[in-house]
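Remarks on the overall topology
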Amino acid sequence: MTARTRRTLVRTVALAGALSLGLAACSGGGDSGSGSDDASGGGGSLTIWAWEPALTDVVADFQEDHPDVDIELVNAGTGNDQYTALQNAIAAGSGVPDVAQIEYYAVPQFAIGESLTDLTEFGADELDGTFSPGPWNAVQQGEGIYNLPMDSGPMALFYNAAVFDRLGVEVPTTWDEYLEAARALHAADPSVYIASDTGDAGSATSMIWQAGGQPYQVDGTDVTIDFTDEGTQKYTDLWQQMIDEGLLSDISGWTDEWYQGLGNGTLATLVVGAWMPANLESGVAQASGDWRVAPMPQWEAGQSVTAENGGSGLSIPAGTQNAELAYEFLEYATAGDGVQTRIDAGAFPATVADLESEEFLGKEFEYFGGQKANEILAQSAADVAEGWQYLPFQVYANSIFNDTAGQAYVSDTTLQDGLLDWQEKSIAYGNEQGFSVD
Amino acid sequence: MTQTVPPPVVADPLRTARRPARRGRWTGWGFVGPFMAVFALVFLAPIVYSIYLSLFRQQLVGGNAFVGFENYTRAFGDPAFWSSLGRVTLFLAVQVPIMLGIALLVALALDSGRLYGKSFFRISIFMPYAVPAVVATLMWGFMYGTRFGLVGNINDAFGISLPNPLSPDLVLLSIGNIVTWSFVGYNMLIFYSALRVVPASLYEAAAIDGAGQWRVIRSIKLPAIRGALVIATIFSIIGSFQLFNEPSILQKLAPNAITTSFTPNMYAYSLSFSGQQYNYSATVAIIMGLVTMVVAYAVQLRGMRKEA
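Owing to the predicted nature of the structure, the values given are computational and were not obtained by experimental measurement.

Cut-offs used in this document
- Residues numbered from 1 in each chain as written.
- Chains lettered and ligands numbered in written order.
- Predicted model: local features only at pLDDT ≥ 70, side-chain atom pairs only at ≥ 80, totals over all residues.
- Heavy atoms only, no water.
- Pairing = 2+ DSSP bridges.
- Helix = DSSP H or I, 4+ residues; strand = E, 2+ residues; numbered from the N terminus.
- Contact = heavy atoms within 4.5 Å.
- Axes fitted to C-alpha atoms, helices over the stretch in contact; angles between N-to-C directions.
- Buried area = accessible area lost by both parts, 1.4 Å probe.
- Salt bridge = Lys/Arg side-chain N within 4 Å of Asp/Glu carboxyl O.
- Polar contact = N/O pair within 3.5 Å; in protein donor to acceptor, adjacent residues only side chain to side chain.
- UniProt positions renumbered as here; feature names shortened; annotations may be inferred.
- Core = buried A, V, L, I, M, F, W, Y, C linked by side-chain atoms within 4.5 Å.
- Buried < 20%, exposed > 50% of the residue type's maximum accessible area, 1.4 Å probe, protein only.
- Domains from an automatic or database assignment.

All names here are of chain A. The sheet built from five strands is open, its strands ordered β2-β1-β3-β14-β6 with mixed pairing. This sheet does not close on itself; its edge strands, each paired only once, are β2 (69-74) and β6 (148-149). Where strand β1 (residues 44-49) lies against strand β3 (residues 99-103), two bridges are found, and the strand directions are parallel. Of the residues in β3, the one forming a bridge with I48 is V99. On top of the sheet, helix α2 (residues 55-65) reaches β1, β2 and β14 (312-315); it is set at about 175° to β2, its chief contact. Strands β1 and β3 of the sheet are contacted by helix α3 (residues 80-92), whose axis makes an angle of about 130° with β3.

All right, on to the interface of chain B and chain A then. Each side of the interface is counted separately: chain B has 46 residues, and chain A has 52 residues. Both faces considered, chain B and chain A share a buried interface measuring about 4100 Å² in area, 56% of it formed by carbon and sulfur atoms. The largest per-residue losses of area from chain B upon contact with chain A belong to B:L60, B:K252 and B:N256, which jointly make up 18% of the total buried on that side. Applying the counting criterion to the chain B and chain A interface returns one salt bridge. The salt bridge involving B:R74 is made with A:E432; its shortest N-O contact spans 3.2 Å. At the boundary of chain B with chain A, the tally comes to 15 residue pairs in polar contact (both at pLDDT 80 or more). At the level of secondary structure, the elements contributing two or more residues to the side of chain B that touches chain A comprise α1 (7-53), β1 (56-59), α5 (133-144), α11 (245-250), α12 (264-273) and α13 (278-304) of chain B.

Before going further, it helps to spend a moment on the side chain of A:N147. Residues and elements named next belong to chain A. Secondary-structure assignment places N147 in the loop between β5 (144-145) and β6. There is a polar contact of 3.3 Å between the side chain of N147 and the backbone nitrogen of L314. N147 has contacts with I102, Y104, V107, L119, V139, G313, L314 and S315, leaving out every residue within four places of it along the chain.

Glancing now at the UniProt feature "domain: ABC transmembrane type-1" (unreviewed entry) in chain B. Following the UniProt record, one finds the feature "domain: ABC transmembrane type-1" (unreviewed entry) at residues 85-299 of chain B. This span, residues 85-299 of chain B, is 75% helix and 0% strand, and a straight line between its end C-alpha atoms measures 18 Å.

Residues and elements named next belong to chain A. Reading across the sheet, the three strands line up as β9-β10-β15 and stay open at both edges, with mixed pairing between neighbours. Since the sheet does not close on itself, it has two edges, and those belong to β9 (216-219) and β15 (436-437), each with one partner. With four bridges connecting them, β9 and strand β10 (residues 222-225) associate as antiparallel partners. Bridging across to β10, V218 finds its partner in V223.

Time to look at the nonpolar core. Looking at soluble globular proteins, one finds that nonpolar side chains tend to be buried together. All names here are of chain A. Formed by 81 residues in total, the largest nonpolar core has its most connected members in W239 and M242. Ranked by residues supplied to this core, first place goes to helix α7 (residues 175-188) with six residues. Among the domains, domain 1 (2-9 + 31-153 + 311-370) and domain 2 (155-308 + 386-437) are the pair contributing at least three residues each to this core. Those residues in contact with W239 that lie beyond four places of it in its chain are W175, Y178, D197, M207, L248, Y409 and L415.

Turning to the UniProt feature "transmembrane region" (unreviewed entry) in chain B, a few remarks are in order. All names here are of chain B. Under the UniProt annotation, the feature "transmembrane region" (unreviewed entry) is placed at residues 28-52, 88-108, 120-143, 170-192, 224-244 and 278-299. Its end C-alpha atoms 25 Å apart, residues 120-143 is made of 92% helix and 0% strand. Helix makes up 100% of residues 278-299 and strand 0%, and the two end C-alpha atoms of the span are 31 Å apart.

Below you can see the structure in the form of structure tokens.
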């Protein structure tokens with residue numbers, strides 16, 4: 001769920017009424033005070049802002065172990081909505097929660113703004129090695145650790161095996177084969193597309209990540225954005241061909257048409273994060289048994305390099321009085337007993353021990369025809385390319401992806417030019433916000 | 001009668017007049033007070049706060065600083081803002097006359113008394129207005145779908161290939177269609193109610209003078225509902241400049257055709273909620289408020305001129 005919302009949050013339509021002069025006087029989101037009772041002696045109270053449904057059980061279990069602790073779990077909105085509320089609460093200096101769920105790509109933005117507590121002071125650095133490398137890198141900013149990973153989205157190829165069988169097309173293992181398969185599928189049945197894409201910042205950056213591109217270099221407030229590197233080029237070369245040859249369906253992700261397409265076999269694959277199975281089971285139930293999971297297509301045959309796509313963890317906002325108790329909860333939920341609780345509820349964990357456990361790996365997915373899908377997904381988690389960084393203002397940058405790079409899907413603009421436009425606008429925003437960007 | 005009033009009494013009215021006036025000043029405030037308090041809080045305060053916000057700049061790095069009118073100068077040189085303003089102006093120039101024209105036509109038809117099933121006709125024209133804008137847009141969004149939507153069905157049924165209503169070139173037209181569908185009934189009702197209060201004696205006089213239907217419409221009906229026309233136009237202008245719901249919902253279906261700065265309100269929204277640029281967002285909102293006021297006022301002046 002978290003990743004699903006991550007991908008849609010930019011387009012999330014808060015069904016707010018028309019804005020008028022009073023627009024900027026938006027309300028603060030702080031409707032829950034954080035009590036500062038006795039935090040030291042086992043008791044105390046915590047306010048948690050999170051949208052991850054599995055946390056309800058985690059909170060209940062935690063309270064069983066800590067009967068004195070009073071926890072209030074608040075859904076303050078999903079993704080961007082919650083960030084807005086959190087930012088308002090921090091700016092107002094009141095109603096700040098003790099724990100907040102934050103997606104990896106948004107962590108730098110909050111860390112730079114000094115809105116989050118550095119968890120190294122509670123010994124978070126000792127957890128080094130507990131989490132898979134992708135999420136663990138994502139929660140660090142400079143010397144600090146600002147978030148403990150809750151789930152992750154190592155990427156894999158989800159494909160509709162029934163469609164591939166019917167049309168006699170091989171399942172691709174490299175991106176070259178992927179392009180061939182895209183042509184073959186569409187030629188064999190013009191209603192079938194290998195995938196749909198109308199421009200998605202999360203997917204594009206993940207693809208570039210896997211190709212070895214590192215367009216974002218962040219060192220404190222010094223930021224470099226460069227979408228001309230080799231990795232980016234590999235991605236745009238491939239994707240431009242896909243666009244030009246009309247091999248991508250123009251259905252936008254997470255719409256009704258998209259779910260229908262996944263269900264009726266007109267959309268044959270998805271290259272997304274490991275959080276997808278739960279979404280397929282609930283959203284595309286009619287295709288149960290048709291889908292399978294395969295490793296993410298590679299840029300070079302024989303390699304095994306992947307990237308992360310989505311995922312979130314828990315942070316402690318700066319200024320809370322209950323940081324110690326909050327950290328106790330963080331550790332419980334992300335590295336303690338809370339992990340199994342969330343796995344049982346369908347989450348994909350970020351902890352190495354669980355990713356390697358027999359029980360987890362051996363789970364047979366009825367939806368995937370009895371396939372032990374977690375084996376592939378866990379392997380993907382171990383193969384995530386290192387060195388990727390997100391912008392300290394990625395939330396904003398993602399929101400203008402379709403204004404810029406998205407134009408490649410509907411006009412003569414090339415994807416490369418679109419990305420350069422994205423780069424330019426991101427640089428302008430960064431400099432406006434006081435970063436030094438070039 | 002006043003001549004008989006004796007001179008000493010003349011001083012009294014002055015005194016008595018002054019006393020109630022003084023007491024009355026406070027009594028008046030007492031009555032208006034609750035309203036003024038609410039008015040100041042919910043109406044004036046947000047505007048004042050927006051103006052206050054628009055004079056500052058908050059940065060992710062570097063904090064808050066007073067920048068005077070810098071946000072305003074930035075807005076005047078901001079192509080994204082101008083293109084969004086241009087888009088809603090085009091929308092205003094094309095959609096509003098069409099919508100009001102249809103509404104007027106329907107109102108005149110209803111008023112002519114020559115229509116069978118008048119009540120049914122009236123309610124069915126008005127019905128779309130009762131559908132919330134969000135629902136209406138979702139509904140039309142499904143119909144515009146080229147695959148599973150109505151457009152897709154038509155394509156399949158007739159073996160043709162209609163252009164995609166949600167492509168960048170057509171999306172403004174598609175939005176105009178939704179807005180027209182929603183608001184024809186509302187405007188029709190304004191016109192129709194204005195037509196209903198025209199005294200029947202005027203029509204009788206016209207009939208005696210030998211005026212035909214066209215003459216009646218031109219010389220009696222249209223002048224009689226001039227005020228309603230102006231009001232409907234002003235509402236439509238405000239509505240056009242504040243266009244937000246329809247494009248914002250369709251954006252999910254056509255993310256590349258509808259940019260984050262498609263209309264001024266969407267621009268202000270995304271500046272504020274995805275960019276945390278509250279100050280600049282407030283500036284854009286204030287400028288749009290002023291533009292709307294000026295245009296609406298100009299229309300009102302022009303519309304009411306001959307009546308004065």
